[in-house]
Amino acid sequence: VGATRWYENENGDLKEYRAKYSSDSSGIDIYASGSIGLQDPERADSWGTSFFAPKVAATMAELHRLYPNLSSAQIEDLMKSNLTHDLNTGSAGTIQVLDYQKNFEFLNNQTF
């Protein structure tokens, strides 16, 4: 699991990027936001590596609970096909990121 961060650009728009503190190894399967918003979930009020891995683990655990007959590889594919968005990192290419809003809605409703 790798991390992304949110920042506000000069126009006041929120943009996501791969976090500088995250590994950029080719072995990373998925990224998740390393930012956590305290009042607005789109804002980066706090951040760190301890914020992103539990998001992915909680999602995979819930998917395993809902679909106990699927393998871990199938659960990962299900998560990636329903709960991620692509993020263009420029020269490093495109990465898959666990989408905050899609994941939030899934964990609250147990449906895609």
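Whatever comes next refers back to the structure up there.
Residues numbered from 1 in each chain as written. Predicted model: local features only at pLDDT ≥ 70, side-chain atom pairs only at ≥ 80, totals over all residues. Heavy atoms only, no water.

Caption draft 1: Examining the layout of surface pockets more closely. Estimated volume of the largest pocket: approximately 230 Å³. Contributing to the lining of the largest pocket are 16 residues, with Asp99, Tyr100, Gln101, Asn103 and Phe104 lying nearest its centre. Of all the secondary structure elements, the ones that give two or more residues to the lining of the largest pocket are β3 (31–33), β7 (94–98) and α3 (100–109). For the lining of the largest pocket, the leading source of residues is α3, giving six residues. (1 Å grid on protein atoms, 1.4 Å probe; cavity = no way out; pocket = protein on both sides within 12 Å on 5 of 7 lines; lining within 4 Å. Points joined across faces, edges and corners; volume = space filled by probe spheres on them. Helix = DSSP H or I, 4+ residues; strand = E, 2+ residues; numbered from the N terminus.)

Caption draft 2: Local environment of α3. Two or three places before Gln101, at the opening of α3, Asp99 has a side-chain oxygen 3.1 Å from that residue's backbone nitrogen. The first or second residue beyond α3 is Gln110, which carries a positive phi of 50°. (Polar contact = N/O pair within 3.5 Å; in protein donor to acceptor, adjacent residues only side chain to side chain.)

Caption draft 3: Representation of the side chain of Ser22 in the model. With respect to the helices and strands, Ser22 occurs in the loop between β2 (14–18) and β3. Classification of Ser22 as buried rests on a relative accessible area of 12%. (Buried < 20%, exposed > 50% of the residue type's maximum accessible area, 1.4 Å probe, protein only.)

Caption draft 4: View of the environment of Ala53. In this fold, Ala53 is placed in helix α1 (residues 49–66). Among the residues examined, Ala53 registers a relative accessible area of 35% and is labelled partly exposed. Along the backbone, Ala53 and Ser33 are 20 residues apart, and their C-alpha atoms lie at a distance of 9.1 Å.

Caption draft 5: Representation of the packing of aromatic side chains in the model. What the rule picks out here adds up to three aromatic pairs. Geometrically, the ring pair formed by Tyr100 and Phe104 is stacked, given 6.0 Å between the ring centres and 15° between the ring planes. Linking Tyr100 with Phe104, this pair stays in helix α3, spanning four residues, or about one helical turn. Relative to Phe112, the ring of Phe106 has its centre 5.2 Å away and its plane inclined at 10°; by these criteria the two rings are stacked. (Phe/Tyr/Trp six-rings, centres within 6.5 Å; stacked < 30°, edge-to-face > 60°.)

This is a description of form; function is not addressed.
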